[in-house]
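Take a look at the letters that make up each chain.
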Amino acid sequence: TWKISSFIEQQITEIRERVGKRRVICGLSGGVDSSVTAALLYQSIGSQLTCIFVDNGLLRKGEREQVEYEFSEHFKTDLHVVDAADRFLDALAGVSEPQAKRKAIGKTFIDVFKDEARQIDDAHFLAQGTLYPDVIESGGNPDGPSATIKYHHNVGGLPAELGFELIEPLRMLFKDEVRRMGQELGLPDGLIWRHPFPGPGLAVRCLGEITKARLDTLREADAVFTEELHETGTYRKVQQAFAVLLPLQTVGVMGDARTYEDVIALRSVDTDNFMTADWSKLPYDLLQRVSTKIINSVRGVNRVVYDISSKPPSTIEWE
Ligand code: XMP
């Protein structure tokens, strides 16, 4: 039978042999794939691992702090957190078309990552959390380095021009195996079961123009929703749930004053593979509490709506 612990042992031996005394860089995204990759590398080569985490200002609430805790306190890796929120905001200024946002973010990410990686002068390898489905999807051969790089798609996809030799220890694995591996390596449940999050982050959930203030509004509303899902034991029953900030204002009333403020849409889906998805039939009382909490606690929001569309024809994300 397939034992995850012996797979880990085997990977550790192989990584040690291949790496020798050289240095490995691993890009962390906050997601499970890059986290498991980093944890495995840390168990294999300890202080020869340098992790880079780019704070692009488009992260969920608490995400950066969790990465800092896990990969600096718990696993004591040489963690470089790059404060790049302003560079991303500059690149996104005046951009509201979804694909243009993705392009701007992808390009900025590569620039920022390159700048940081360049300063680690003895680095030889780049570790990426490429999974088996990624290898297949990009037309690659699971025994060789991934052929095509979906550079804008996630933190794993960095261009070959960086000049590193790739280490992709998860390239034969499916997501559930990666999660089991993460548990075995001692990563916390909160990280292992965190819903997937797109590389362009909150930018594609902040419809229209991106500003720091709008991102803060969205981040707070998203945190309220997520917290309620956790507290009611619902978070792990749905595959992806998040808030979206719409690019329009609607009329409301507070006391005897008229308000004209933002709308938050809630999205939650049930899905096996993210190719098709059904909207989650969340309990009305849960939706009611989330709505009230968001309107009471997130400044500038006076309306909450729930997305009841399935994929197809809708997509999971709104952009
Ligand atoms: P859609 O919206 O296409 O999403 O139904 C399917 C899954 O893919 C994620 N997604 C992305 N992930 N970069 C990513 O890394 C992207 O640009 C991107 N767009 C969508 C989405 O969150 C969902 O899990």
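Residues numbered from 1 in each chain as written. Predicted model: local features only at pLDDT ≥ 70, side-chain atom pairs only at ≥ 80, totals over all residues.

In the annotation of an unreviewed UniProt entry, the entry for the chain reads GMP synthase [glutamine-hydrolyzing], and the organism field reads Planctomicrobium piriforme. Quoted verbatim from the Subunit (unreviewed entry) field of the UniProt record, the comment on the chain reads "Homodimer." Its UniProt record, at the heading Pathway (unreviewed entry), says of the chain: "Purine metabolism; GMP biosynthesis; GMP from XMP (L-Gln route): step 1/1." (UniProt positions renumbered as here; feature names shortened; annotations may be inferred.)

### Observations concerning helix 1 (residues 4-19)
Over its 16 residues, helix 1 runs 22 Å from end to end, which matches the ideal 22 Å to within 8%, given 1.5 Å per residue. Taken from the residues just after helix 1, Gly20 is the one with a positive phi, measuring 60°. (Helix = DSSP H or I, 4+ residues; strand = E, 2+ residues; numbered from the N terminus. Expected span 1.5 Å × (residues − 1).)

### A closer look at the packing of helix 2 (residues 32-45) against helix 7 (residues 175-184)
Helix 7 packs onto helix 2 with a crossing angle of 45° between their chain directions and a minimal axis gap of 10 Å. Put simply, helix 2 runs oblique to helix 7. Here the hand of the crossing between helix 2 and helix 7 comes out left-handed. Residues Val32, Asp33, Ser35, Val36 and Ala39 of helix 2 pack against Val178, Arg179, Met181 and Gly182 of helix 7. (Axes fitted to C-alpha atoms, helices over the stretch in contact; angles between N-to-C directions. Parallel < 35°, antiparallel > 145°, perpendicular 65-115°, else oblique. Left-handed = near helix turned anticlockwise from the far one by under 90°. Contact = placed C-beta atoms within 7 Å.)

### Brief notes about the UniProt feature "binding site: ATP" (unreviewed entry) in the chain
UniProt's entry tags Ser29, Gly30, Gly31, Val32, Asp33, Ser34 and Ser35 with the feature "binding site: ATP" (unreviewed entry), counted in the numbering of this structure. With respect to the secondary-structure elements, Ser29 resides in the loop between strand 1 (23-28) and helix 2. Look at Ser29 and you get buried, because 22 C-beta atoms sit within 10 Å. By secondary structure assignment, the location of Ser34 is in helix 2. (Buried ≥ 20, exposed ≤ 12 C-beta atoms within 10 Å, placed from the backbone.)

### Topic: the pairing of strand 1
Across the 6 residues of strand 1, 5 count as buried, placing the element largely inside the fold. Of the strand pairs in this sheet, strand 1 and strand 4 (residues 123-127) are connected by 4 bridges, and their pairing is parallel. Opposite Val24, over in strand 4, you have Phe125 as the bridge partner. The pairing of strand 1 with strand 2 (residues 49-55) spans 5 bridges and is classified as parallel. (Pairing = 2+ DSSP bridges.)

### A look at the domain arrangement of the chain
According to the domain assignment, the chain consists of domain 1 (4-192) and domain 2 (205-306). Spacing between the C-alpha centres of domain 1 and domain 2 amounts to 29 Å. Counting residues at the interface gives 7 residues for domain 1, matched by 8 residues for domain 2. (Domains from an automatic or database assignment.)

### Observations regarding the sheet that holds strand 4
Strand order in the open sheet formed by 5 strands is 3-2-1-4-5, with parallel pairing between adjacent strands. Strand pairing shows two members of the sheet lacking a second neighbour, strand 3 (78-83) and strand 5 (165-167), which therefore form its edges. Strand after strand, the sheet turns through a mean of 30° between neighbouring axes, direction not considered. Most of the contacts of helix 2 go to strand 1, to which it runs at about 155°, and overall it touches strand 1, strand 2 and strand 4. Helix-sheet contacts for helix 5 (residues 98-118) involve strand 1, strand 2, strand 3 and strand 4, and the interaxial angle to strand 2 is about 145°.

### Observations regarding unusual backbone geometry
Of note, the amide linkage connecting Lys311 to Pro312 takes the cis form, showing an omega dihedral of -15°. The residue Pro312 is located in the segment after strand 9 (301-306) in this model. With an omega of 5°, the peptide bond between Pro312 and Pro313 qualifies as cis. When you line up the elements, Pro313 lands in the segment after strand 9. With a phi close to 70°, Phe274 is a non-glycine residue in the positive phi region.

### Describing the pairing of strand 3
Sheet analysis places strand 2 next to strand 3, joined by 6 bridges and oriented parallel. What sits directly across from Thr50, in strand 3, is Asp78. Remark: the strand 2/helix 3 (residues 63-74)/strand 3 crossover connection has right-handed handedness. (Right-handed = clockwise from strand over helix to strand, strands pointing away.)

### Looking at the packing of helix 9 (residues 212-231) against helix 10 (residues 284-297)
Running from N to C, helix 9 and helix 10 cross one another at 150°; their axes reach a closest spacing of 9 Å. The angle between the axes of helix 9 and helix 10 places the two elements in the roughly antiparallel class. Classified by chirality, the crossing of helix 10 by helix 9 is right-handed. Here Ala221, Val224, Phe225 and Glu228 of helix 9 lie close against helix 10, whose contacting residues are Leu286, Arg289, Val290, Lys293, Ile294 and Ser297. Looking at the contact of helix 9 with helix 10 residue by residue, the classes come out as 6 nonpolar, 1 polar and 3 charged. (Nonpolar A, V, L, I, M, F, W, Y, C, P; charged D, E, K, R; others polar.)

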